[in-house]
Every structure is written in C-alpha cells, then in structure tokens.
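# Coordinate analysis (summary)
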Amino acid sequence: MARILITSALPYINGIKHLGNLVGSQLPADLYARYMRARGHEVMFICATDEHGTPAELAAAKTGEPVDVYCARMHEVQADLARGFRLSFDHYGRSSSPRNHRLTQHFAGRLAENGFIEEVTEQQVYSVADGRFLPDRYIEGTCPNCGYDRARGDQCENCTKQLDPTDLINPRSAISGSTDLEVRETKHLYLKQRALKDEIDAWIDRQTDWPVLTTSIAKKWLHDGDGLQDRGITRDLHWGVPVKKGDQDWPGMEGKVFYVWFDAPIEYIAATAEWADANGKTDADWERWWRTDKGAADVRYVQFMGKDNVPFHTLSFPATIMGSREPWKLVDYIKSFNYLNYDGGQFSTSQGRGVFMDMALSILPPDYWRWWLLSHAPESSDSEFTWENFQASVNKDLADVLGNFVSRITKFCRSKFGETVPAGGSPGAREAALVAELAGRIRAYDGFMQAMEVRKAANELRAIWVIGNEYLQEAAPWTTFKTDPDAAAAQVRTGLAMIRLFAILSRPFIPDAAAEMMRAMHSDDWSWPEDVQGCLNALQPGQPFEVPDNLFRKIADEEREDWQKRFSGIRA
RNA sequence: GGCUAGGUAGCUCAGCAGGUUAGAGCACGUGACUCAUAAUCACGGGGUCGGGGGUUCGAGUCCCCCCCUCGCCA
C-alpha cells in the first residue's frame, strides 16, 4: 500500500467555473484519487478556493459585500458544486484560512533568512479616491500611440502597444473612474528566483517521465530570453495575507499583503493542516504528508492543473520550497492539461460563453458530465466540446452500451427466474474465455489509470462494458433457456455478476451509477477484482437483486438544440 | 515577432526506438438476434496521414522550407 498526495489547482474565488476549468484539474484529480483509494492506497486529496487579490476585491465591491463575506459565500457555492460533481476531496480549504496566513508568513520568513528575498522600492500609481494603489491593468486612459480612449495601463487593446501607466493621456482609475491619481513610491519584496535557477533547472531535468507539456513550459521560462526572473511577491492591498517575517513584523512593509501567486500554492499544505483541524487530528497527522523528516519521505505527490498554471507549479512554488531550506515535500509528478474549447471557440468566464458548473448540473446529473469530460480530456492537445458530440457519447456509451446492458440482463432474469440469482448449471468454455478477455482488458485499464492516461482508460472501460454485451449476444440465454434452463441460469448468473464487476471498475468515472448498480445487486463489496474468475462467482444462487430503473436516459435532439441556444449567448 | 503544442477517415481522437495491405469509437451501409432504453452483436464502405523538398532499401513516423489552427510570451 502506497501513500499518495493529490492536489488539484485551486479555483479562483470570483465566480463559478466552467467545464473547461473542471476538466483541466479537479475532475481528473478526482478520478485518480478515487482509483487509488479503490486499489487500497492511502490517499490525501486536497483542493481549496484561491481567495486573495484584486479581482476578488472588485467582485465583492460589485455585490456590495465586504470581501471576506463575499469569499465565504462564494466558497460555499463552489464547495456545493464540487459536491454536486462528486469531487471526493478529503478537504476543500480556503487560501484565506488562518493556517495559510501563518504558513505563508513562515515561508517568507525562511526565505528572507536564507537570503532569497530582496526589498525593492518602485513607483506606482495611487488612486486617492479609491484609497489604494492600482495595478497597471486597472488604470485606463487614452493611448498615446493610437488615440484609443480605453487603453489599459499595461497594454492598449486597440493597437496592442505595450504601455506604462504613466504613458496614458488623461489616466483614470478603472475601478472608480477617478482622475485623482498620483505616482507614489512603494516598497515591495521580490523572491530571488534567479538565485535558485540552477537548482530548479537541475530538478526539472531529473523529471524525465513528466508530460512534455509540463517540462517544455518549465524549460521555456527557465531559458527563454534572460531566463528565470525574480518576482514580486507583495502588493499594496488590504485583502490578503499580511506581510510578516514568520511571526515578526516586517519593518517597512506595514499595510501590505503577499501576492496571490505566492500564498495560493502554499495553501495546498495549509489546507492539509485545515483538514487535520477539522477532523480532530494533530499536526503530526498532516505533517506526515508534507514533511519528509516527519514521515512524508515515502509519499508520492501528484499535482493536476491546466497548462496556464504550470509555470507557478514548476518554478515559483518549488523555488519557495527549495529556498526555505526545510524538508517540505516537492511534487513528484505534474499532470497538466490543455484547454477544452467550446463549440468552435473558447469557454469564456467574462463573456459567459460555454457551460458552467451550476448550469451543467441543472440539466443533467454529474455522471453524464464526468463521463464525457473525462473520456474527452484535453491531454495531448486542446479538445473541443460540442453538443452533438456530447449527446452522441452519452447516449451511446452510457445509455446504450452500459445502461442497456444492466437493463437487459436484469429484466431477462426477472422474467424467467424471478428477482433472485438463479441456481443451476455451471460455467463452461465460453465463460472461461470471457474471464480471460476481461482480465486482459482490466490489466490494460489498470495500466492507464496508474499512468493517468485518462482518455485511454475511458476507452478501455468502455471496451469492458462492450464485452458484457458481446457475451450475452453469444451466449443468448433467451435461446438456451428453451432447451436447457440450467445452462441459461449459469449464463444469467455470469451476466448479473458482471454488473457488480462493472460497478467496481466504473466507480472512479461514474460514481452515482456505480453505486446504483452495486445496490441493485444487493452487494457492498467494492474490493478490486484482482481475481476476475472469483468476482464472477461472487453472486450466490438464491440471493435477491433488483431491476434498477434505467441507469441513464437519452438526450433528445430537441433538448440538445435548446441547450445549444441557451449556452451560446451571454450568461445572466 | 519569439516560443510551445498541434494539423491522420464526415466527427472526436490513437498510432510515430522509421518496416508487411494506416487504427479505434461515433456516424453511414448490410446482415444476425429479439433478452433489453427502436437497444445489442457481426461484417463492410470510407483516408494521396496540411503542402513541397530531402535522408533511407523503406517515412504520418527523421531533417529542411512553407501554409494553417491554438496557447504563452514580448
């Protein structure tokens, strides 16, 4: 039995995530967590909301709530949706937690002691009316190059020219519109990533089994242009982790907070501490997952994320950990994903284009989405969601191949033998061949699941479901029954047993349907089918079962067309 | 403009340490079956593997050039 630590990239707090976000990190991480638990491993699966930063403040201002209230509310909304999609986090934390405050300050203190922090004084635009410094992109004005009157302080969207906020003509705050701006001096902390570059570079070079998507992005940032740059890790904001050096004040940094990208990954660790707090555990209980000097040396740590998050996880966060010179667990494997596109374009949170988690659950149960998203996960390249494809996959794979299999065998049994597992007959050559074929497929499935080859695993699982139909078609118990009811009984037993087998194998992908299949067979034994033969003999003659309602319904053309229209436009 | 990834059957994608007639699922056609959610199973049609050069006995699979998507960076 191994110990596996799994983290999913943290969803940002300001709004509900779309399916592209879901399939890029949380969903595949859940698949892996569920599979590893099913195989008997000890799993710690962590996620959290990423709550700090200007976008959260602005979103809160829009709803008129204090930012902490807004975040608490949105955290619950996102946690509900996570439950709705059956994401099996051991803990769903918050980056604004006291644990994360302390730990973030701790890391900053260690980095400073080890000489990896530099204090830099710089000029920044301050909005008197807003009472705050403005990030470049929150300053608007007229572009000196093309005259566009809504150019942002970092770039003009019209002519694409790179700008400094001070270049803008008639600059104003994008938050309040106020023109009462002045340039003020402010001091910030920089993480000296350049000093750690060689160490990080060597570490990345050792990761020969990582997806190319992961390592190529890391190497690009390490070597491109002037190479890895130092990064500012503080901001002049109110909402965030106050800058401290461990538990000591940081002279000159009063009123400032750490920048989100610095505290967010640390929340992976802090959330595990939150897990301990929430479950009456001790510090030792979470430290054995994260401190290699306290039991985490044998932990395998796997991170899941979309490609946009790769730089932070391959460079910045490792720099934080390495620079602390403390024995924290570094990631062992980074599974990264490309983007899921929506019907010819991109999913867009700002434009409300695409399917969002809440809307998805309002039209269909989670298994339908889980199956389609996972079986089409954007692993090797960007992939595309279309309603036609979604309808076809769900109807064919779930309703026809799996759902109908369960339906046909249970209903046939009920009509000929009643709702108990029939006695009589015994397995023969066909059943032996069936076992061999299943065993081969399951071996392949296990291999893909362990390798986190999500799409290939889905294909293999589907192929396993097909074997059930093939078997029934060949054995044809409805024909056998006419001449040899005992032989038909043995065939039906085999068919019913496959429902249990499929439930176990399918649970990581479609947990609700799997639970229903298992329940219908009046069993609750989820042990992994190392012994396929034994698994097919597990149902005792005379044992009652139920004919479940249809596991999956089909999506009609009219529904699909309706959804297609509803989700193409602007989200309210 | 620089960089990453990708352009393989109508659709979504595999394949690539270079090697017999290029694969899967869906869709399509034919047949079988009738237990089942007009479900299932079998068989079949269908691709000059983005374009052009080159290396090789032999190239979707390696090299060069070009075109096109997507993203990141500037």
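Residues numbered from 1 in each chain as written. Chains lettered and ligands numbered in written order. Predicted model: local features only at pLDDT ≥ 70, side-chain atom pairs only at ≥ 80, totals over all residues. Heavy atoms only, no water.

This part covers the overall build of chain A. A tally of helices and strands in chain A yields 19 helices and 19 strands. Counting every position in chain A, which comprises 572 residues, the buried fraction comes to 56%. Taking as baseline every contact in chain A between residues at least 6 positions apart, the subset at least 24 positions apart corresponds to 77%. When the accessible surface of chain A is summed, it comes to about 23300 Å², and 47% of that surface belongs to carbon and sulfur atoms. Taken together, the 65 basic and 81 acidic charged side chains of chain A have centroids lying 3 Å from each other. (Helix = DSSP H or I, 4+ residues; strand = E, 2+ residues; numbered from the N terminus. Buried < 20%, exposed > 50% of the residue type's maximum accessible area, 1.4 Å probe, protein only. Contact = heavy atoms within 4.5 Å. Areas by Shrake-Rupley, 256 points an atom, 1.4 Å probe, with all protein chains shown as cover. Lys, Arg positive; Asp, Glu negative; His and termini not counted. Charge placed at Lys NZ, Arg CZ, Asp CG, Glu CD.)

Quick look at the protein's contact with RNA strand B now. Neighbouring RNA strand B are 32 residues; Gln346, Ser380, Asn404, Arg408 and Lys411 lie closest to it. Of what RNA strand B places within 4 Å of the protein, 77% of the atoms are sugar or phosphate. At 2.5 Å from a phosphate oxygen of RNA strand B is found a side-chain nitrogen or oxygen belonging to Lys411. Within the side chain of Trp478, an N or O atom sits 3.5 Å from a sugar or linking oxygen of RNA strand B. (Near = heavy atom within 4 Å. Polar contact = N/O pair within 3.5 Å; in protein donor to acceptor, adjacent residues only side chain to side chain.)

Okay, the pattern of salt bridges next. For the coordinates displayed, the defined rule picks out 40 salt bridges. Of the charged contacts, one joins Glu65 and Arg73 as a salt bridge, the two residues approaching to 2.8 Å between their closest N and O atoms. With a relative accessible area of 37%, Arg73 lands in the partly exposed category. Each of Arg3, Glu42, Arg288 and Asp298 takes part in salt bridges that share partners, so that together they form one network. (Salt bridge = Lys/Arg side-chain N within 4 Å of Asp/Glu carboxyl O.)

The 3 strands are arranged 7-6-8 in an open sheet whose pairing can be described as antiparallel. Two strands bound the open sheet, and with one partner strand each, they are strand 7 (151-152) and strand 8 (169-173). The pairing of strand 6 (residues 139-142) with strand 7 spans 2 bridges and is classified as antiparallel. Paired with Gly141 across the strands is Ala151, a residue of strand 7. (Pairing = 2+ DSSP bridges.)

For chain A, the assigned domains are domain 1 (3-111 + 262-337), domain 2 (116-195 + 208-232) and domain 3 (385-536). Once you take the C-alpha centre of each, domain 2 and domain 3 turn out to be 57 Å apart. (Domains from an automatic or database assignment.)

For the coordinates displayed, the defined rule picks out 30 aromatic pairs. A ring pair is formed by Trp369 and Phe390, whose centres lie 4.4 Å apart and whose planes are at 15°; its orientation type is stacked. Residue Trp369 is found in helix 11 (residues 366-375), and its partner Phe390 is found in helix 12 (residues 387-417); the two are separated by 21 residues along the sequence. Across the pair, exposure class does not vary: Trp369 and Phe390 are buried alike. Consider the rings of Phe417 and Phe481, whose centres lie 5.4 Å apart with planes at 90°: the pair is edge-to-face. Of this pair, Phe417 sits in helix 12 while Phe481 sits in helix 15 (residues 477-483); the two residues are 64 residues apart in sequence, bridging distant segments of the chain. For Phe481, a relative accessible area of 24% translates into the label partly exposed. A network of ring pairs unites the aromatic residues Tyr342, Trp369, Trp372, Phe385, Trp387, Phe390 and Trp563 as a single cluster. Across from the ring centre of Tyr259, 3.8 Å away, lies the NZ or CZ of Arg235, which sits over that ring. (Phe/Tyr/Trp six-rings, centres within 6.5 Å; stacked < 30°, edge-to-face > 60°. Lys NZ or Arg CZ within 6 Å of the ring centre and 35° of its normal.)

Moving on, we come to the sheet that holds strand 2 (residues 42-49). Within a sheet, adjacent strands bond to each other through the backbone by hydrogen bonds, running parallel or antiparallel. Read from one edge to the other, the open sheet built from 5 strands follows the order 3-2-1-15-16, with strand pairing classed as parallel. This sheet does not close on itself; its edge strands, each paired only once, are strand 3 (91-94) and strand 16 (333-337). On average, each strand axis in the sheet is tilted by 20° relative to the strand beside it, whichever way the strands run. Where strand 1 (residues 3-8) lies against strand 15 (residues 299-306), 6 bridges are found, and the strand directions are parallel. Paired with Thr7 across the strands is Gln303, a residue of strand 15. Along the sheet, helix 7 (residues 260-278) contacts strand 1, strand 2, strand 3 and strand 15; its crossing angle with strand 3, the most-contacted strand, is approximately 115°. Helix 9 (residues 310-324) rests against strand 15 and strand 16 of the sheet, and its axis sits at about 135° to strand 15. (Axes fitted to C-alpha atoms, helices over the stretch in contact; angles between N-to-C directions.)

Okay, unusual backbone geometry next. With the exception of glycine, most residues fall at negative phi, and the peptide bonds are largely trans. With phi around 45°, Ala476 is a residue other than glycine that occupies positive phi space. Its identity as a non-glycine residue notwithstanding, His522 has a phi of 55°, on the positive side. Mapped onto the elements of the fold, His522 is located in the loop between helix 17 (511-520) and helix 18 (532-536).

So, on to the packing of helix 14 (residues 454-475) against helix 16 (residues 485-506). In contact at an axis separation of 11 Å, helix 14 and helix 16 are set at 175° when each is read in the N-to-C sense. Classified by the angle their axes make, helix 14 and helix 16 are roughly antiparallel. On the side of helix 14, the interface is formed by Leu461, Ile464, Trp465, Gly468, Tyr471 and Ala475, while helix 16 contributes Gln491, Thr494, Met498, Phe502, Leu505 and Ser506. Of the residues assigned to the contact of helix 14 with helix 16, the class counts are 8 nonpolar, 4 polar and no charged. (Parallel < 35°, antiparallel > 145°, perpendicular 65-115°, else oblique. Nonpolar A, V, L, I, M, F, W, Y, C, P; charged D, E, K, R; others polar.)

Looking at where Arg3 falls in the secondary structure, it is placed in strand 1. At 3.1 Å, the side chain of Arg3 and the side chain of Asp298 are in polar contact. Residues contacting Arg3, with those up to four places away along its chain left out, are Glu42, Arg288, Trp289, Gly295, Asp298, Val299 and Arg300.

On to the pairing of strand 6. With 3 bridges connecting them, strand 6 and strand 8 associate as antiparallel partners. Across the sheet, Ile139 pairs through a bridge with Ser173, a residue of strand 8.

Moving on: the nonpolar core. Counting 162 residues, the largest nonpolar core has Trp369, Leu438 and Phe509 as the members making the most contacts within it. The element that contributes the greatest number of residues to this core is helix 12, accounting for 12 residues. Excluding its chain neighbours within four sequence positions, the residues that come into contact with Phe509 are Leu31, Arg370, Trp371, Leu374, Tyr445, Met449, Val454, Ala457, Ala458 and Leu461. Ala56, Tyr70, Cys71 and Trp239 belong to the second-largest nonpolar core, a separate cluster that totals 10 residues. (Core = buried A, V, L, I, M, F, W, Y, C linked by side-chain atoms within 4.5 Å.)

What follows covers the packing of helix 6 (residues 212-223) against helix 9. Following both chains from N to C, one finds helix 6 and helix 9 inclined at 55°, their axes separated by 9 Å at the closest point. On the basis of their axis angle, the class for helix 6 and helix 9 is oblique. Crossing of helix 6 against helix 9: the hand is right-handed. The segment helix 6 lies against helix 9, with Thr214, Ile217, Ala218, Trp221 and Leu222 engaging Val310, Pro311, Thr314 and Leu315. (Left-handed = near helix turned anticlockwise from the far one by under 90°.)

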